[in-house]
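# What the coordinates show
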Protein chains: 2
Amino acid sequence: MRVVVPFAAETPKTRLESVLTPAERSAFARAMLADVLRAVVEAGHEPTVVSTAPLDLAGLELPGEVAASASVTADDRPLTEAVNARLPGGDAETTTDEPAPVAVVMADLALATPDALERLLTSTADVAVAPGRGSGTNALVVRHPEFRVDYHGTSYLDHRETAREIGATLETVDSFRLATDVDEPADLVEVIVHGRESNRAPACLREFGFALDERDGRVDIVRNEDCAAE
Amino acid sequence: MRVVVPFAAETPKTRLESVLTPAERSAFARAMLADVLRAVVEAGHEPTVVSTAPLDLAGLELPGEVAASASVTADDRPLTEAVNARLPGGDAETTTDEPAPVAVVMADLALATPDALERLLTSTADVAVAPGRGSGTNALVVRHPEFRVDYHGTSYLDHRETAREIGATLETVDSFRLATDVDEPADLVEVIVHGRESNRAPACLREFGFALDERDGRVDIVRNEDCAAE
């Protein structure tokens, strides 16, 4: 299945600015993107990065089989428009055959595994959604040619409503791994605890000096300041 | 399967004190407990509430079939001790037969559904864990007679390590519903978005005047102050 992975190349992960410098945020965002692309390829699918600015995939140093299956295209439109153009029946659809299903997986799902993605990608519903916290839509598969996304606000609830309006069946996929988009400092704990051992993003955080910190029974992250950038 | 549901009856949900009065926190905690008990019974299992103080289940006004399957026992020991006593081979085990598997499901898993619980409860691993955010352990099933819990700090990582030490197989169950324990004001959004329609906890929040609030593309809860207690 074609899997679209939207990526904000220019100002990634601004909500991490209290703990990471701009250069670190960029490196960390690219590490998460590389991990997501690898999970998609290991699940047997072909990812297309839709980047807000030109992006050199070679710079991600992807493993060979991942690099061979992944492609990139630049689209400076807002997220919702860029995704809708690529859904079945959208403007950027290049085939004239029966529209093929399209998946959309966010680039900051650092906990994504092939198993978790498969649970989403094997759904036979017209629309399958993996919600994120706060009524977000972290990943979805669209088979219905009339369905369009709107990522603003309570997108999970809005996508349910849209499916109902066009008579499309909708399945909600119950996955903690796909529900965890990495936006805020507290989310870094999840990357360290649940990131796959061979993944780039947890390695990147450890390289930056982050470690788990237990205090009063609550778990947070702490940084060795020797590793912090100036 | 016997399912232990630990419940802090006296000072429930203190981290919600910025948005709920003590009486509201108590009512909301009981509503979540009732929802969890119903989900356990609908999944075909018998819940035992292990309460820090005497608790009258009749006060929960459970549906008939739920009330018929649920029981309650008081145990004022700390969570970890009270749970360990009830695991296979623990002090409070009453049978002399082969130890039967025991599940432990937290009382604040307001998003739990029979389907999500079944994915956990049908695991054949010696230990199956549904992690919560921050390396917590929200629900688990124990079949191995030597396994003991420790809920302090990074319990999910610690439980993995314990399983390794005693040579027990461990499965991690990937569920957003089971990963969402309701501790903090931001978690109330999830109860309103994902709580089952027939559940008590979302109805309780709506009765208190809570609704979703979209601002700057972020989703939060807002309260109609006419509904707030004095």
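For the structure itself, look to the data block above.
Residues numbered from 1 in each chain as written. Chains lettered and ligands numbered in written order. Predicted model: local features only at pLDDT ≥ 70, side-chain atom pairs only at ≥ 80, totals over all residues. Heavy atoms only, no water.

## Describing the sheet that holds strand β4 (residues 102-105) of chain A
Residues and elements named next belong to chain A.
- If you trace the seven strands from one edge of the open sheet to the other, you get β3-β2-β1-β4-β6-β5-β7, paired in mixed fashion. Each edge of the open sheet carries a strand with a single partner, namely β3 (71-74) and β7 (170-172). Taking the axes of each pair of neighbouring strands and ignoring which way they run, one obtains an average angle of 25° across the sheet.
- Pairing of strand β5 (residues 127-132) with strand β6 (residues 136-142) involves six bridges; the strand directions are antiparallel. In the strand pairing of β6, A130 is matched with A139.
- Contacting β1 (2-7), β2 (46-51) and β4, helix α1 (residues 22-42) runs over the sheet at an angle of about 175° to β1.
- Along the sheet, helix α4 (residues 114-121) contacts β4, β5 and β6; its crossing angle with β6, the most-contacted strand, is approximately 60°. (Pairing = 2+ DSSP bridges. Helix = DSSP H or I, 4+ residues; strand = E, 2+ residues; numbered from the N terminus. Axes fitted to C-alpha atoms, helices over the stretch in contact; angles between N-to-C directions. Contact = heavy atoms within 4.5 Å.)

## A short note on the relation of the copies chain B and chain A
- The operation relating chain B to chain A is a screw motion whose rotation component is 180°, with 0.0 Å of axial translation and a residual RMSD of 0.0 Å. Overall, the copies show the geometry of a two-fold rotation axis. (Least-squares fit on C-alpha atoms with pLDDT ≥ 70 in both.)

## Section: α4 of chain A
Residue and element names in this part refer to chain A.
- Regarding α4, the residues found buried are P114, A116, L117, L120 and L121. In a view along the axis of α4, the buried residues occupy a sector of 160°, so they form one face of it.
- On the buried face of α4, the contacting elements are α1, β4, β5, β6 and α6 (176-179). (Buried < 20%, exposed > 50% of the residue type's maximum accessible area, 1.4 Å probe, protein only. Arc of directions from axis to C-beta.)

## A closer look at helix α8 (residues 200-207) of chain A
Residue and element names in this part refer to chain A.
- By the burial criterion, the buried members of α8 are A201, P202, C204 and L205. In an axial view of α8, the angular spread of the buried residues amounts to 155°, which keeps them on one side of the axis.
- In this structure, the buried side of α8 is in contact with α1, α7 (187-194) and β8 (210-215).
- Just past α8, the residue G209 takes up positive phi, approximately 100°.

## Details of the nonpolar core
- Grouped together as the largest cluster of nonpolar side chains are 76 residues, with contacts concentrated most on F28 of chain A together with L33, L37, L120 and L140 of chain B.
- Counting residues per element, this core draws most heavily on helix α1 (residues 22-42) of chain B, which supplies eight residues.
- Among residues more than four places away in sequence, those in contact with L33 of chain B are V5, F7, V49, L55, L60 and A107 of chain B.
- Ranked by size, the runner-up nonpolar core spans 75 residues in total, among them A39 and A128 of chain A together with A31 and C204 of chain B. (Core = buried A, V, L, I, M, F, W, Y, C linked by side-chain atoms within 4.5 Å.)

## Let's talk about the environment of T14 of chain A
Residues and elements named next belong to chain A.
- Within the element layout of this structure, T14 appears in the loop between β1 and α1.
- According to the relative accessible area criterion, T14 is partly exposed, its value standing at 39%.
- Sequence separation of T14 and D183 is 169 residues, and the distance between their C-alpha atoms is 8.1 Å.

## Concerning the side chain of T137 of chain B
All names here are of chain B.
- Note that T137 resides in strand β6 (residues 136-142).
- Within polar-contact distance, the side chain of T137 engages the side chain of S155 at 2.9 Å.
- A polar contact of 3.4 Å, which involves the side chain of T137, links it to the backbone nitrogen of Y156.
- In this view, T137 contacts M106, V129, A130, G132, Y151, S155, Y156 and H159; residues no more than four positions away in its chain are not counted. (Polar contact = N/O pair within 3.5 Å; in protein donor to acceptor, adjacent residues only side chain to side chain.)

## Overview of the interface of chain B and chain A
- On the side of chain A, 30 residues touch chain B, which itself brings 30 residues to the contact.
- In total, chain B and chain A occlude about 2500 Å² of area from one another, counting both sides; carbon and sulfur atoms represent 54% of this.
- When the area that chain B buries against chain A is broken down by residue, the three leading residues are R133, D174 and F176 of chain B, summing to 26%.
- Scanning the region where chain B abuts chain A turns up four salt bridges.
- The closest approach of N and O atoms between D174 of chain A and R119 of chain B, which form a salt bridge, is 3.4 Å.
- For the interface between chain B and chain A, the tally reads twelve residue pairs in polar contact (both at pLDDT 80 or more).
- Taken together, the elements giving at least two residues each to the side of chain B that touches chain A come down to α4 (114-121), β5 (127-132), α5 (155-165), α6 (176-179), α7 (187-194), β8 (210-215) and β9 (218-223) of chain B.
- In the side of chain B that touches chain A, the residues fall into eleven nonpolar, nine polar and ten charged. (Buried area = accessible area lost by both parts, 1.4 Å probe. Salt bridge = Lys/Arg side-chain N within 4 Å of Asp/Glu carboxyl O. Nonpolar A, V, L, I, M, F, W, Y, C, P; charged D, E, K, R; others polar.)

## Considerations on the sheet that holds β5 of chain B
Residues and elements named next belong to chain B.
- Strand order in the open sheet formed by seven strands is β3-β2-β1-β4-β6-β5-β7, and the pairing between neighbours is mixed. A strand with exactly one partner marks an edge of an open sheet, and here the two such strands are β3 (71-74) and β7 (170-172). Strand after strand, the sheet turns through a mean of 25° between neighbouring axes, direction not considered.

## Side note on the pairing of strand β9 (residues 218-223) of chain A
Residues and elements named next belong to chain A.
- Burial along β9 is one-sided: the face carrying V219, I221 and R223 is buried and the face carrying R218, D220 and V222 is not.
- In this structure, β8 lies alongside β9, joined through six bridges in antiparallel fashion. Of the residues in β9, the one forming a bridge with L212 is I221.
- The hairpin turn running from β8 into β9, its antiparallel successor, is two residues long, and D216 in that turn takes a positive phi close to 55°.

## A short note on the environment of F208 of chain B
Residues and elements named next belong to chain B.
- Looking at the secondary structure, you find F208 in the loop between α8 (200-207) and β8.
- Classification of F208 as buried rests on a relative accessible area of 11%.
- Between the alpha carbons of F208 and N224 there is a distance of 7.9 Å; along the sequence they are 16 residues apart.

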